[in-house]
Amino acid sequence: MREDELATQVVDHYAAVHDDPTVRVEEPYDADGRRGVVDVYVRLRAPERVDHVVELKSDAAVRRATGANEVLRQYRRMERYFHADPAHAIRPKLRRTGPGARFLLCFAPTPTCVYHVATHRTLYASVEATGRVDDVPAVRTVAFLTGLDGDPADLGFVSINADAPFGSDAFFEAVPPDSRLADSLDRVDDEVIGPDGSD
């Protein structure tokens, strides 16, 4: 799958499951000269503002990258500087009960991406699930997208940096049966996929 196809699926998902989300594709940021572009930016009100900042990785992006370090550098740069741009600044609120920002690094559920993540699983698992944007709680998710062939409302993900690291029993239990991700896992060598595979 191409990144524009993934972006379309993500945009359709937010439109299907949220009332009046603000959704922007290829959203630029500029924090004192530190510029970049995020694949999808979504602003929700629930009732306080919650930003979803999404970086998508397809086969082409994984092949172009020099390795997992480059992918994570781009993700970390997005996380560090997106809200430092005054146009995207987010502030703490006393009545906020949950995270104000969610940073997602989402891989296509393809054999190429599965192989890439499997061989760099330790680096991706090292991304802490919780963080902060100044004084605003944030959540970080590294995951495979799932539900790409169904209703946009059913789009989901299987996280690899939380309680179910790649290759664990919990990870395999979270993979939807008969999904693109399940098929891709079947198509990659068991020695790479299994719990003893490493980077």
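Since the model is a prediction, treat every value here as computed from it, not as a measurement.

Thresholds, definitions, all that
Residues numbered from 1 in each chain as written. Predicted model: local features only at pLDDT ≥ 70, side-chain atom pairs only at ≥ 80, totals over all residues. Heavy atoms only, no water. Helix = DSSP H or I, 4+ residues; strand = E, 2+ residues; numbered from the N terminus. Rg over C-alpha atoms; globule rule 2.2 N^0.38 Å. Buried < 20%, exposed > 50% of the residue type's maximum accessible area, 1.4 Å probe, protein only. Contact = heavy atoms within 4.5 Å. Areas by Shrake-Rupley, 256 points an atom, 1.4 Å probe, with all protein chains shown as cover. Lys, Arg positive; Asp, Glu negative; His and termini not counted. Charge placed at Lys NZ, Arg CZ, Asp CG, Glu CD. Salt bridge = Lys/Arg side-chain N within 4 Å of Asp/Glu carboxyl O. Core = buried A, V, L, I, M, F, W, Y, C linked by side-chain atoms within 4.5 Å. Expected span 1.5 Å × (residues − 1). Arc of directions from axis to C-beta.

Engineer: Account for the overall build of the protein chain, naming residues and giving values.
Structural biologist: When you go through the protein chain residue by residue, the secondary structure sums to eight helices and seven strands. The C-alpha radius of gyration of the protein chain comes to 17 Å, within 12% of the 16 Å expected for a compact globule of 199 residues. The C-alpha extent of the protein chain, read off along each of the three principal axes, is 45 × 35 × 30 Å. In the protein chain, which comprises 199 residues, the proportion classed as buried is 50%. Once local pairs closer than 6 in sequence are excluded, the contacts in the protein chain between residues at least 24 apart make up 62%. Of the roughly 10200 Å² of accessible surface on the protein chain, a fraction of 46% belongs to carbon and sulfur atoms. Here the protein chain holds 24 positive side-chain charges and 35 negative ones, and the gap between their average locations is 10 Å.

Engineer: Summarise the pattern of salt bridges; cite the residues concerned and give the values.
Structural biologist: Using the criterion set out here, one finds 11 salt bridges in the structure. Taking the shortest distance from any N to any O, the salt bridge between Glu27 and Arg24 comes out at 3.6 Å. Residue class for Arg24 comes out partly exposed when judged on its relative accessible area of 36%. Asp183 is paired through a salt bridge with Arg187; the nearest N and O atoms lie 3.5 Å apart. Linking Asp183 with Arg187, this pair stays in helix α7 (residues 180-187), spanning four residues, or about one helical turn. Given the relative accessible area of 39%, Asp183 is considered partly exposed. When salt bridges that share partners are traced, they join Arg43, Arg49 and Asp51 into one network.

Engineer: Account for the nonpolar core, naming residues and giving values.
Structural biologist: Nonpolar side chains in soluble globular proteins generally cluster together in the buried interior. Residues Leu56, Phe107, Tyr124, Phe144, Phe166 and Phe171 are the most contacted members of the largest nonpolar core, which totals 57 residues. Dropping the residues within four chain positions of it, Phe166 is found in contact with Val114, Val117, Ala118, Arg121, Phe144, Ile160, Phe171, Leu185 and Ile193.

Engineer: So what's going on with helix α1 (residues 3-17)? Residues and values would help.
Structural biologist: In this model, α1 (15 residues) spans 21 Å end to end at C-alpha, consistent with the 21 Å of a helix rising 1.5 Å per residue. What α1 keeps buried is the set Leu6, Ala7, Val10, His13 and Tyr14. Seen along its axis, α1 keeps its buried residues to an arc of 120 degrees; they face one direction. Looking at the buried side of α1, the elements it contacts are β1 (22-31), β2 (34-45), β3 (49-57) and β6 (136-146).

Engineer: So what's going on with unusual backbone geometry? Residues and values would help.
Structural biologist: Non-glycine residue Asp32 carries a positive phi angle of around 55 degrees. Mapped onto the fold, Asp32 is located in the loop between β1 and β2. Classification of Asp32 by relative accessible area gives exposed; the value is 77%. In this structure, Asp134 takes a positive phi of about 55 degrees despite not being glycine. Mapped onto the elements, Asp134 comes out in the loop between β5 (130-133) and β6.

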